[in-house]
Structures are given as structure tokens and as C-alpha cells.
Amino acid sequence: MREQYRSESFAEDSLAADPMQQFARWFRQIAAGGMLHEPNAMVVSTATPDGAPSSRTVLLKMYDERGFVFFTNYESRKGRELAANPRVSLLFPWHPLARQVIVTGTASRVGREETAAYFRTRPHGSQLGAWASAQSSVIGSREELVRRYEELSDRYPEGERVPAPPHWGGFRVVPGTIEFWQGHENRLHDRLRYVREDADGVDGAAWRVERLCP
């Protein structure tokens, strides 16, 4: 099982000065092209303090010059692991275009106002689901989960405002490195990585670009 990638050239002189600008450029191209069902799907990898890793796919909900934001149950496995070890990796696997973006950085919770504002944009059923699911915990049956949901649906019928759960909210990943991977023939892929040169992660950070062997 092998794919011979045939892609456009990707060189240093085509890069944006800032990696978030470069991410926005690629993301807009992919979203507009309609080649992927969910271009904002990304693999989030976390680890316990002693280094045991875990990965799962979540949806990117916003990004700007400060970093990448996703939302989750803070009591889930990833939420607990990020509380104990905020170092995280994100992977955007855009295979139909032979592209990947790999991010390493540090995650921290967004403010409650930002969480509440986003929660209000979610479909009513997704709002109820955030309350019904004690994410990553053991449950006896699917029927039990459905019963929780139905009880919440009776309590908060369609059209009634659902409060954001206190144990649910956003994480913002401030990147330390962002690698843009473009596949090419004969496995001579382009790998261009931005590396943050300041240590404190402030806005307006300086970046250097490295080319990596494929």
C-alpha cells in the first residue's frame, strides 16, 4: 500500500512571515476546495506526567494569532492529562492534498466568557450532550446515557437556554513549533517548520524557519 505523491512545489520563499498566517492560507484553500469532509478535524495528543501518551480526534473551533482552540469536558482523559501536563501536539491530516500540519505547544484553558459565548452557538442537542456525558468515565450501558439525555431534554426543551457546564470549556494551544508538510514524488517531501524564538509565548513572537529532511 503505497502512494506516489504529485504535488505543487513548496519552498521557503512561498511561506508567510508568521505560521498562523501560513496555516490560515492552507486552511482556507482546503476548506474552499471541498475535498475534505471536516478540514478542521485534528488529532490531539496528550501525555501523563510520566509520559504515557493518548490521542483522539477533535474539531478545531477557532484559531488566530494566539493559537488553536478546541472545546472538551475538563474531566475527560485529555482534560485531566492537560491539567497535569499542558504539553500537547496537534496533527491536521489533510491526505487528499498530500499535506499535514503538525503543531507542538502548550495548552491552557480559555476564559469562561469565551467558553459561554461558544457554547451558545452549539446546536441544542450538542449542548445537552455536553451535560449528559461524563466523558471518558465508565458507563453501564448506552441506555443509561440516552436516559440522561432524555431527562435533560425534558428539563431544557428546544428553545430554552442551556447553561454551559462548569466542567466543560475550551483549551487554547499556544504553538512552540508548527510544521507544514507537503508530500512529493519519491518521498522527497517538503517539511518546513516554524520555531518560536521567544520563550514566553507572547503575541508578536519571532519565528525562524527550518527545513527538515523527509
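Everything below is about the structure printed above this text.
Note that the structure is predicted; figures quoted are calculated from it, not measured.

Asker: How do you make sense of the side chain of Thr48 when you look at a structure like this?
Answerer: By secondary structure assignment, the location of Thr48 is in the loop between β1 (41-47) and β2 (53-59). Excluding residues within four positions of it along the chain, Thr48 makes contact with Glu81 and Asn85.

Asker: Where do I start with the side chain of Thr46 in this structure?
Answerer: With respect to the helices and strands, Thr46 occurs in strand β1. Contacts of Thr46, omitting those with residues within four sequence positions, involve Ala52, Pro53, Ser54, Arg56, Lys78, Glu81, Leu82 and Val88.

Asker: Teacher, can you tell me more about the pattern of salt bridges here?
Answerer: Where charged atoms from two side chains of opposite charge come close, those side chains can pair. This model, assessed by the stated rule, comprises nine salt bridges. Residue Glu210 pairs with Arg193 through a salt bridge whose shortest N-O separation is 2.6 Å. Within this pair, whereas Glu210 is found in strand β9 (residues 207-212), its partner Arg193 is found in strand β8 (residues 190-196), the two being separated by 17 residues in sequence. Between Arg208 and Glu210 there is a salt bridge, and its shortest N-O distance comes to 3.1 Å.

Asker: Just checking my understanding: could you explain the environment of Glu12 for this structure?
Answerer: Relative to the elements of secondary structure, Glu12 occurs in the segment before α1 (19-33). Once the C-alpha coordinates of Glu12 and Leu192 are considered, the two residues, 180 residues apart in sequence, prove to be 7.5 Å apart. Excluding residues that lie within four positions of it along the chain, Glu12 makes contacts with Leu192 and Arg211. A polar contact is formed between the side chain of Glu12 and the side chain of Arg211, at a distance of 2.8 Å.

Asker: When you look at helix α2 (residues 77-84) in this model, what are you seeing that I'm missing?
Answerer: In an α-helix there are 3.6 residues to a turn, and that puts residues three or four apart on one side. Here α2 has its buried residues at Lys78, Gly79, Glu81 and Leu82. Along the axis of α2, the buried residues cluster in a sector spanning 165°; they form a single face. The inward-facing, buried residues of α2 abut β1, β2, β4 (67-73), β5 (87-94), β6 (99-109) and β7 (168-182).

Asker: Can you help me understand the nonpolar core in this one?
Answerer: In this structure, Phe23, Phe68, Leu90, Phe92, Trp94 and Val101 are the most contacted members of the largest nonpolar core, which totals 32 residues. Ranked by residues supplied to this core, first place goes to α1 with five residues.

Asker: I keep staring at the environment of Gln21 and nothing clicks. Help me out?
Answerer: The residue Gln21 is located in helix α1 in this model. Owing to a relative accessible area of 48%, Gln21 belongs among the partly exposed residues under this scheme. Along the backbone, Gln21 and Glu65 are 44 residues apart, and their C-alpha atoms lie at a distance of 7.9 Å.

Thresholds, definitions, all that
Residues numbered from 1 in each chain as written. Predicted model: local features only at pLDDT ≥ 70, side-chain atom pairs only at ≥ 80, totals over all residues. Heavy atoms only, no water. Helix = DSSP H or I, 4+ residues; strand = E, 2+ residues; numbered from the N terminus. Contact = heavy atoms within 4.5 Å. Salt bridge = Lys/Arg side-chain N within 4 Å of Asp/Glu carboxyl O. Polar contact = N/O pair within 3.5 Å; in protein donor to acceptor, adjacent residues only side chain to side chain. Buried < 20%, exposed > 50% of the residue type's maximum accessible area, 1.4 Å probe, protein only. Arc of directions from axis to C-beta. Core = buried A, V, L, I, M, F, W, Y, C linked by side-chain atoms within 4.5 Å.

No statement about biological role is implied by the geometric values presented.
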